[in-house]
Amino acid sequence: ENAAATMGRLAKVNVRFVAPDLGRFLLGWCEGMAKIADQAERRDAFQGFIMALRANPQALHQACPHDPSNAIPPILFAVSSWHIPDDAGAELVSGNYAFSPFPAEETELRNALAGLLQEIKTSLGESAWHQVEKSLPVNLRRLFRENYGL
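Cut-off values and rules
- Residues numbered from 1 in each chain as written.
- Predicted model: local features only at pLDDT ≥ 70, side-chain atom pairs only at ≥ 80, totals over all residues.
- Heavy atoms only, no water.
- Core = buried A, V, L, I, M, F, W, Y, C linked by side-chain atoms within 4.5 Å.
- Buried < 20%, exposed > 50% of the residue type's maximum accessible area, 1.4 Å probe, protein only.
- Helix = DSSP H or I, 4+ residues; strand = E, 2+ residues; numbered from the N terminus.
- Contact = heavy atoms within 4.5 Å.
- Phe/Tyr/Trp six-rings, centres within 6.5 Å; stacked < 30°, edge-to-face > 60°.
- Lys NZ or Arg CZ within 6 Å of the ring centre and 35° of its normal.
- 1 Å grid on protein atoms, 1.4 Å probe; cavity = no way out; pocket = protein on both sides within 12 Å on 5 of 7 lines; lining within 4 Å.
- Points joined across faces, edges and corners; volume = space filled by probe spheres on them.
- Nonpolar A, V, L, I, M, F, W, Y, C, P; charged D, E, K, R; others polar.

1. With respect to the nonpolar core
Then comes step 1: Core analysis: the largest hydrophobic core is formed by 43 residues, its most contacted members being L26, W29, L53 and I75.
Then comes step 2: Within the residue set of this core, elements represented by two or more residues are α1 (2–13), α3 (22–35), α4 (39–55), α5 (59–63), α6 (72–80), α7 (107–124), α8 (126–135) and α9 (138–148).
Then comes step 3: Once you skip the residues sitting within four places of it in the chain, L53 turns out to touch L22, L26, A59, L60, I75, L116 and I120.

2. Topic: the packing of aromatic side chains
Then comes step 1: Applying the stated criterion across every chain yields a total of 5 aromatic pairs.
Then comes step 2: Aromatic pair W29 and F49: ring centres 5.2 Å apart, planes at 90°, arrangement edge-to-face. Linking W29 in helix α3 with F49 in helix α4, this pair joins segments that are 20 residues apart in sequence.
Then comes step 3: Here W29 falls in the buried class, since its relative accessible area comes to 3%.
Then comes step 4: Under the relative-accessibility criterion, F49 is labelled buried at 2%.
Then comes step 5: Every member of this aromatic cluster is reached through a ring pair, and the members are F25, W29 and F49.
Then comes step 6: The lysine or arginine in question, R42, covers the ring of W82, its NZ or CZ lying 5.0 Å from the ring centre.

3. Comments concerning empty space enclosed by the protein
A water-sized probe, rolled over the atoms, reveals where empty space remains.
Then comes step 1: Counted under the stated rule, the structure contains 1 cavity of 30 Å³ or more.
Then comes step 2: Counting residues per element, the ones that place at least two in the lining of the largest cavity are α8 and α9.
Then comes step 3: For the lining of the largest cavity, the element with the highest residue contribution is α9, accounting for 4 residues.
Then comes step 4: Looking at the lining of the largest cavity residue by residue, the class counts come to 5 nonpolar, no polar and 3 charged.

4. Details of the layout of surface pockets
Then comes step 1: Of the voids in this model, the largest pocket is the one considered here, and its volume is about 250 Å³.
Then comes step 2: As for the largest pocket, its lining consists of 13 residues, and the residues nearest its centre are R42, S81, W82, I84 and D86.
Then comes step 3: Split by residue class, the lining of the largest pocket holds 7 nonpolar, 4 polar and 2 charged.
Then comes step 4: Taken as a whole, the second largest pocket spans an internal volume of roughly 190 Å³.
Then comes step 5: Within the residue set of the lining of the second largest pocket, elements represented by two or more residues are α4, α5 and α7.
Then comes step 6: In terms of residue count, α7 provides more of the lining of the second largest pocket than any other element does, 5 residues in total.
Then comes step 7: Class assignment for the residues of the lining of the second largest pocket results in 7 nonpolar, 3 polar and 2 charged.

If you want it as structure tokens, here you go:
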């Protein structure tokens, strides 16, 4: 989690320092971002991640060279962490739908994430995106459809 927040801050200061090697640690960064509890640190991590991925969209191919679509679910799971209530249990993904709205005070970040996810979907193409969707639990598909128009 500390590394994910630090990478985000580094990218915010100098995206050229982080972006070229993003493919090497993209999956780990997503995993770390999903676990950050402090909202300010989480915001920094995601803001930097957005900047780095936009600076190096090929990172998806670098992270998963045989099938770049395999890099998408970790990004989606990280984004979904903004919607998980504090008291959520393991059944959140497959049980009753109980995701929370994106924090109201983070509208700018939510919009940036929505834009990034739309860009990723467009770059993958409909067929590959459909495969990504099919790999997600039903509640996550609903979350991204209702909150991000995916």
